[in-house]
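Observations on chain architecture
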Amino acid sequence: MFETLTDPLTLMAILVDGLVYASWLFVVAVGLTLIFGVMQILNVTHGSMYAFGAYTAATMVGWWFDNDLPEFGSFAVLVFAALVVGLVLGPIIERGLLRYMYGKDEVIIVLVTYATFLILEDVLLLIWGTDMYDAFQPYGLLGTTDFGDLTFSNYDLSLIGLALVVGGALWWGLNGTKRGKLLLAVIHDREMAQSFGVNVNLVFMVTFILGAILGALGGAFTAPQISVAPGIGVEVIVLAFAVVATGGMGSVPGAAIGALAVGLVRATAVHLLPQVELFVIYAVMALVLAFRPQGLFSRAEARKI
Amino acid sequence: MKFDKTEKGLAVALAIAALLSFVVPEWAVFLGTLAVSKCLVVFGCLVLWRTGLVSFGQALYFALGGYTVGMAGKYLGWTDAVLLTVLGTIVAGVMAAIISMLLARYREIFFAMFSMALSMILYGVLVKTEVLGSTDGFNVVVPTFFGYAPEGTELLISMFMLTLLVTLIAAVFVHRYLSSTLGHLTTAIKDNEIRVEYLGLSVFKAIQFKVILAGALAGTGGAITAFSVGHVDPDAMAYWTVSGEFVFITILSGTGSVAAPFLGALLFQVVRTYAFQYSPQTWQLVLGAVLLFLIMFIPDGLWSLVRRIRNKEVA
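Residues numbered from 1 in each chain as written. Chains lettered and ligands numbered in written order. Predicted model: local features only at pLDDT ≥ 70, side-chain atom pairs only at ≥ 80, totals over all residues.

1. Some remarks on the overall build of chain B
Counting its regular elements, chain B contains 14 helices and 2 strands. In terms of overall dimensions, chain B is globule-like: its C-alpha atoms have a radius of gyration of 19 Å, near the 20 Å expected for 315 residues. Projected onto the principal axes, the alpha-carbon positions of chain B cover approximately 55 × 45 × 45 Å. Across the 315 residues in chain B, those meeting the buried criterion constitute 49%. Long-range contacts, defined as pairs at least 24 residues apart, comprise 82% of the intrachain contacts of chain B with a sequence gap of at least 6. (Helix = DSSP H or I, 4+ residues; strand = E, 2+ residues; numbered from the N terminus. Rg over C-alpha atoms; globule rule 2.2 N^0.38 Å. Buried ≥ 20, exposed ≤ 12 C-beta atoms within 10 Å, placed from the backbone. Contact = placed C-beta atoms within 7 Å.)

Structure representation (structure tokens):
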């Protein structure tokens, strides 16, 4: 199997597939790490956001094309679907449920989000049923690119752009704006930020909504690639956690590095040793954590007395 | 050996359950076997919970126990229920011992999620392994009991008896562990690790022991479940939603006593059976809503209600 590694075409395929997959992972996982960083909540409903995003996008894109609206507008529809899901579900979950749980054990809050996730899984079924939904049109719109014998879908390649835009926007938002700096202050020390007059409740709500939108965005942009069917949210939450834990929980650059590492390793596995594809992701995580228990990008934490 | 009130109570309750199995219909015996074998897994979750640890990955050991039984039957031709249950327990326990070296460093969310991610590795392996039937799984041998090979109703009842016996032994062991000095100290770990270390106890080792104990118990539960259902497959045994069910039963039961999981597991199994029959589409919704309700209003589980009633009687 390793002689194929020296073949430039295989190498190219691994690199591009890896980058595409890493970009997808980053978009899917970054909302999770953001919410964890700010709120110290591991948000299991992130998987529901992803699923709702995918279903909503598939429905809206279907409607868009049924009515013969301008084809390239469908990309705006994907973003719009994510915004709708995040702005509707985010406040409902945060204001309606989570805010009553602040101050409880982290583990209890995980269980609360897990319970919410279970409820939302069935709400999905009640709204969309068990049918599959397709939104393949945007996928075909962009055509393909050839590199020698290799053919790549431009839609997949554009995911790299999406990841760069999302990552860049987050970086600028956090480091370049006043509100972002307030957010960083909350990440660094919640109590201190509060005593300096930062409205932590507001920061929490905005962060949660932002995280929800990001999760839904991941789902919306995945919808054209797959058949949207029940159960897609379940896999994503575990995968997103693996990425985030590899990079270091709560760190945005960490999510990017984690996504890159996992993406490239998985692409290598897919091309050279397809049987291990499913668990190589978790193997990367276990390996990283065996040497760096808090992930690649994490601040050392003081021991609690 | 002296037995305390809890142990005697459990023995009496399980003896009654054993006698009942001759009277009640077959499906009830089957349901009871499944519920009691889930109890075994929940004992492990209970032990972990006392230290504030939640594992979203007990399905790893559960599946390992089940698959060990299935494979030993398939490839070695072993059919003895007791032997295979012990084997399943040992395999799961050894795996837990290896994993505990990595896992015992972590607390809270990290502990929960890493155990889940590790269990997903096994799920991934099982799904991709064709000889083990990948997603379909395979059928498990019909068990024998020291040469006695019952069929039909007798088999069902024999299996139930074995389950009760194994669970009683496990319950007494866990009960004694929790009431020992070590058991009490590991509850203190939840409050303050450093102080516990100053008392001369290695927190790492204490947690390692809990992980191994919980893993072995989950292996036992998995082995018995594999026998009772007669089939193992990744989705029913190794997927993380299975671990989620165990966590759910733990919270439903409460962790105040080893008797609590019996209550929780039985209620869970009954509700699950009915919900699957009448409204499979909203089963998770019910589960989630009940979980939220429990966390908000009965955080100490059903057992706290039992305790409350008992205290009233005393007063």
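2. A few points about the nonpolar core
Ranked by internal contacts, the top residues of the largest apolar core, which has 203 residues, are A:A29, A:A242, B:F43 and B:A117. In terms of residue count, helix 1 (residues 8-39) of chain A provides more of this core than any other element does, 18 residues in total. Once residues within four sequence positions are removed from consideration, A:A29 is found in contact with A:A240, A:V243, A:V244, A:A255 and A:A259. (Core = buried A, V, L, I, M, F, W, Y, C linked by C-beta atoms within 7 Å.)

3. Some thoughts on the interface of chain A and chain B
When the parts come together, some accessible area is lost, and that loss is often what is quoted as the size of the interface. Contacts between the two partners involve 33 residues from chain A, matched on the other side by 32 residues from chain B. Residue assignment for the side of chain A that touches chain B shows that the elements contributing at least two residues are helix 4 (106-128), helix 10 (232-247) and helix 12 (277-291) of chain A. Ranked by residue count, the leading element in the side of chain A that touches chain B is helix 4 of chain A, at 16 residues. Here the residues of the side of chain A that touches chain B are counted per class, giving 27 nonpolar, 2 polar and 4 charged. (Nonpolar A, V, L, I, M, F, W, Y, C, P; charged D, E, K, R; others polar.)

4. Topic: the environment of B:G77
On the secondary structure map, B:G77 appears in the loop between helix 3 (59-76) and helix 4 (81-103). Expressed as a C-alpha distance, the spacing of B:G77 and B:Q58, which sit 19 residues apart in the sequence, is 27 Å.

5. Topic: the environment of B:G288
Along the polypeptide, B:G288 turns up in helix 13 (residues 283-297). Placed 194 residues apart in sequence, B:G288 and B:V94 show a C-alpha to C-alpha distance of 33 Å. Leaving out residues up to four positions away in the same chain, B:G288 has contacts with A:A115, A:T116, A:L118 and A:I119.

6. Side note on the confidence of the model for chain B
Residue and element names in this part refer to chain B. The share of residues in chain B with pLDDT of 70 or more is 99%, and the mean pLDDT across the chain is 84. Element-level mean pLDDT values for chain B span from 78 in helix 14 (residues 301-314) up to 90 in helix 9 (residues 203-229). For this predicted complex, the interface confidence score (ipTM) comes to 0.83, while the overall pTM stands at 0.85. (pLDDT = per-residue confidence, 0-100.)

7. Examining the pairing of strand 2 (residues 144-147) of chain A
Here is the key point about a regular strand: its side chains alternate between the two faces of the sheet. Residues and elements named next belong to chain A. By the bridge criterion, 4 bridges tie strand 2 to strand 3 (residues 150-153) in an arrangement that is antiparallel. Directly across from T145, in strand 3, lies its bridge partner F152. Between strand 2 and strand 3, which pair antiparallel and follow one another directly, the connecting turn spans 2 residues, one of which, G148, has a positive phi of 60°. (Pairing = 2+ DSSP bridges.)

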